[in-house]
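Report on the structure
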Amino acid sequence: MLNSYPLLLVIYNELEIAHNQQEQQECLHSVMQSEISDVRVLNKQGDYLNLQGIACPALSGEQLALLVTAYLLNEGQCCLGKIKTLSTTQAFDLLGL
């Protein structure tokens, strides 16, 4: 469900957040056409999809934790060192979504 916002987008192995379709398009603006198929989208229901809405391989809890903590560190959060693994629900909660 790509129309169910907010969405977490994994672009170039970094996390982006889209609260609506306009933000999603803004996140994708710099993605090269040849790499658009590599973008993964995670919705609150825990579905990992590509931009065509087709299921794609899920990230492990460890991979998701690395992306979320890196995002939060870039936003100025601290004390994230103990986070080693996250479920989808935990990731959205930690991001305040």
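Above: the structure in question.
Read on for a plain summary of the structure. What you see is a predicted model; the values in this text were computed from it and never measured. (Residues numbered from 1 in each chain as written. Predicted model: local features only at pLDDT ≥ 70, side-chain atom pairs only at ≥ 80, totals over all residues. Heavy atoms only, no water.)

1. Here's the deal with the layout of surface pockets
Within this model, the largest pocket holds a volume of roughly 300 Å³. Taken together, 17 residues line the largest pocket, and the ones lying closest to its centre are Val10, Asn13, Glu14, Leu15 and Leu67. Looking at the lining of the largest pocket, the elements that each hand over two or more residues are β1 (7–11), β2 (14–18) and α2 (61–74). Ranked by the residues each element gives to the lining of the largest pocket, the list is headed by α2, at six residues. When grouped by side-chain class, the residues that make up the lining of the largest pocket number nine nonpolar, three polar and five charged. (1 Å grid on protein atoms, 1.4 Å probe; cavity = no way out; pocket = protein on both sides within 12 Å on 5 of 7 lines; lining within 4 Å. Points joined across faces, edges and corners; volume = space filled by probe spheres on them. Helix = DSSP H or I, 4+ residues; strand = E, 2+ residues; numbered from the N terminus. Nonpolar A, V, L, I, M, F, W, Y, C, P; charged D, E, K, R; others polar.)

2. Considerations on the nonpolar core
Counting 19 residues, the largest nonpolar core has Leu8, Leu15, Leu64, Val68 and Leu95 as its most contacted members. Of all the elements in the fold, those that place two or more residues in this core are β1, β2, α2 and α3 (88–94). At five residues, the largest contribution of residues to this core is made by α2. Those residues in contact with Leu8, other than ones at most four positions away along the chain, are Leu15, Glu16, Ile17, Arg40, Val41, Leu42, Phe92, Leu95 and Leu97. Membership of the second largest hydrophobic core comes to 10 residues, among which are Leu7, Ile11, Cys27 and Leu28. (Core = buried A, V, L, I, M, F, W, Y, C linked by side-chain atoms within 4.5 Å. Buried < 20%, exposed > 50% of the residue type's maximum accessible area, 1.4 Å probe, protein only. Contact = heavy atoms within 4.5 Å.)

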